[in-house]
Amino acid sequence: MTEYVTVTSDMNLARNGAIKLYGRDAFEGMHRAGRLAAETLDMLVPHVVPGVTTAELDDLIRNFMIAGGAAPATLGYRGYTHSSCISINHVVCHGIPSDRQLKDGDIVNIDVTPLLDGWHGDTSRMFLVGDVPIKAKRLVDVTYDCLMLGIEQAKPGNTMGDVAHAIQTHAERHRFGVVRDFCGHGVGKLFHDAPEVVHVGRPGTGPELKPGMIFTIEPMINIGKPDVKLLDDGWTAVTRDRSLSAQFEHSIGITEDGCETFTLSPKGYNQPPY
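Position numbers for residues count from 1 along each chain, tracking the sequence in the order it is written. Local features in this predicted model are restricted to residues whose pLDDT is 70 or higher, and side-chain atom pairs enter the listing and the counts only when it is 80 or higher, whereas totals over whole chains, interfaces and linings include all residues. Side-chain figures throughout are based on the complete set of non-hydrogen atoms in the structure, without hydrogens or water.

**Q** How should the environment of M213 be read in this particular structure?
**A** Secondary structure counts use DSSP, requiring at least four H or I residues in a row for a helix and at least two E residues in a row for a strand, with both numbered from the N terminus. Tracing the backbone through its elements, the reader meets M213 in the loop between strand 12 (193-197) and strand 13 (214-217). Sequence spacing of M213 and A194 is 19 residues, and the spatial spacing of their C-alpha atoms is 9.7 Å. Note on contacts: a residue pair is in contact if any heavy atoms of the two residues lie within 4.5 Å. Once residues lying within four places of it in the same chain are set aside, the contact partners of M213 are Y4, I19, K20, L21, F27, M160, P195, E208, I252, G253 and I254.

Structure representation (structure tokens):
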């Protein structure tokens, strides 16, 4: 049975499986952290070009967050040594920044989480590098639509299954595979928390959405089959069939009559081309 707990200012939060219900002050904190996350990705737009290395992009991200008064939440998280995850082409998620140069035709997901005043602003966005093939652009567009259709279902009285079903049916209508091995998650004061936000499911199943819930929706959609494998570095997940993969992510909060999205781009750079 799903357990919900109302968060108070003096509460010592822990990952205990309970779904947290936050108040208005938390939403305000998440809006600030989410805006900085979105501004970080906005800043990258002129830099995501052929020839740049993912390590150079990671340096830009770290410096921008620090200048904004935040710390990169991924830096030092479970031994991770970078300020972002940058996933290219068939990398599904958790790509590690390196000396690899982006090349013309690549599609790239950049995932950032500034920790600002105790709040995690978690978001990711796809970038198109140079002249991208039509099939890759179509994957990116469908994945963005999956995210937005999922967000449309994020309202009180609905369930996580309603969110998942909207994503799954749209992706599979286009004959794409929906990744099962990774999912969205609760967020807020804790980087990763309950509930798990899966992207495949049946309507009316899973935890009920209630006002005060804060979580990410982050569908990972493959051109081929949904199967993934983890590389030896312990972080990088890739498609087993080496087909292209795309992902978009927003952090949202459930309100009395719908939801608020904390990580919208201030410049309108929510969907490429930017």
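Resuming the write-up.
**Q** I keep staring at the nonpolar core and nothing clicks. Help me out?
**A** Proteins that are soluble and globular tend to have nonpolar side chains buried together. Formed by 32 residues in total, the largest nonpolar core has its most connected members in I107, L139, L209, M213, F215, I217 and I221. When residues of this core are traced back to their parent elements, those giving at least two are strand 2 (19-21), helix 3 (134-152), helix 4 (160-173), strand 12, strand 13 and strand 18 (250-254). If you tally residues by element for this core, the top one is helix 3, at 8 residues. Contact partners of I217, with chain neighbours within four places excluded, come to L147, G150, I151, V163, I167, V197, H199, F248, E249, H250 and I252. Residues V52, M65, L102 and V108 belong to the second largest nonpolar core, which totals 18 residues. Take the buried Ala, Val, Leu, Ile, Met, Phe, Trp, Tyr and Cys residues and link them wherever side-chain atoms come within 4.5 Å; each set so joined is a nonpolar core. Partly exposed describes any residue whose relative accessible area lies between the buried limit of under 20% and the exposed limit of over 50%, with all areas from a 1.4 Å probe on protein chains only and scaled to the type maximum.

**Q** Help me understand the sheet that holds strand 3 (residues 71-72) in this model?
**A** The strands making up a sheet associate through backbone hydrogen bonding, with each pair oriented either parallel or antiparallel. The sheet built from 3 strands is open, its strands ordered 3-7-8 with antiparallel pairing. Lying at the two open borders of the sheet, with one neighbouring strand each, are strand 3 and strand 8 (119-120). Two strands qualify as a pair provided that DSSP identifies no fewer than 2 bridges between them. The pairing of strand 7 (residues 114-116) with strand 8 spans 2 bridges and is antiparallel. The partner of L115 across the bridge, within strand 8, is H120.

**Q** I'm lost on the sheet that holds strand 4 (residues 85-88) in this one. Help?
**A** As summarised here, the arrangement of the 3 strands in space is 4-6-9, forming an open sheet in which the pairing is antiparallel. With partners counted over all chains shown, the strands left at the sheet margins are strand 4 and strand 9 (123-128), one partner each. Across the sheet, the mean angle separating the axes of adjacent strands is 20° when strand polarity is ignored. A fitted line through C-alpha atoms serves as each axis, taken over the contacting stretch for helices, and the angle formed by two N-to-C directions is quoted from 0 to 180°. Strands in contact with helix 1 (residues 24-44) are strand 6 (107-112) and strand 9; relative to strand 9, the strand with the most contacts, it is inclined by about 15°.

**Q** Just to check I follow, could you spell out empty space enclosed by the protein for this structure?
**A** One simple way to see leftover space: roll a probe sized like a water molecule over the atoms. In this analysis, the protein atoms alone were mapped onto a 1 Å grid. Cavities are point sets where a 1.4 Å probe fits without being able to get out; pockets are open sets with protein on both sides within 12 Å along at least five of seven lines; lining residues have an atom within 4 Å of a point. Grid points are joined across faces, edges and corners, and a volume is the space filled by probe spheres set on the points. This structure, assessed with the given rule, holds 2 cavities of 30 Å³ or more. Of the pockets and cavities examined, the largest cavity occupies roughly 40 Å³. Mapped by element, the contributors of at least two residues to the lining of the largest cavity are strand 2 and strand 12. In terms of residue count, strand 12 provides more of the lining of the largest cavity than any other element does, 3 residues in total. The residue classification treats Ala, Val, Leu, Ile, Met, Phe, Trp, Tyr, Cys and Pro as nonpolar and Asp, Glu, Lys and Arg as charged. All others, Gly included, are polar. Grouping the constituent residues of the lining of the largest cavity by class yields 6 nonpolar, 1 polar and 2 charged. Each pocket or cavity is described by its volume, and for the second largest cavity that value is around 30 Å³. Broken down by element, the residue count for the lining of the second largest cavity peaks at 3 residues, all from strand 9. Along the lines of polarity and charge, the residues of the lining of the second largest cavity split into 2 nonpolar, 4 polar and 2 charged.

**Q** Just checking my understanding: could you explain the pairing of strand 9 for this structure?
**A** Here is the key point about a regular strand: its side chains alternate between the two faces of the sheet. For strand 9, a buried count of 5 out of 6 residues is recorded, marking the element as mostly surrounded by other parts of the structure. Where strand 6 lies against strand 9, 6 bridges are found, and the strand directions are antiparallel. Following the sheet pairing, N109 is matched in strand 9 by M126.

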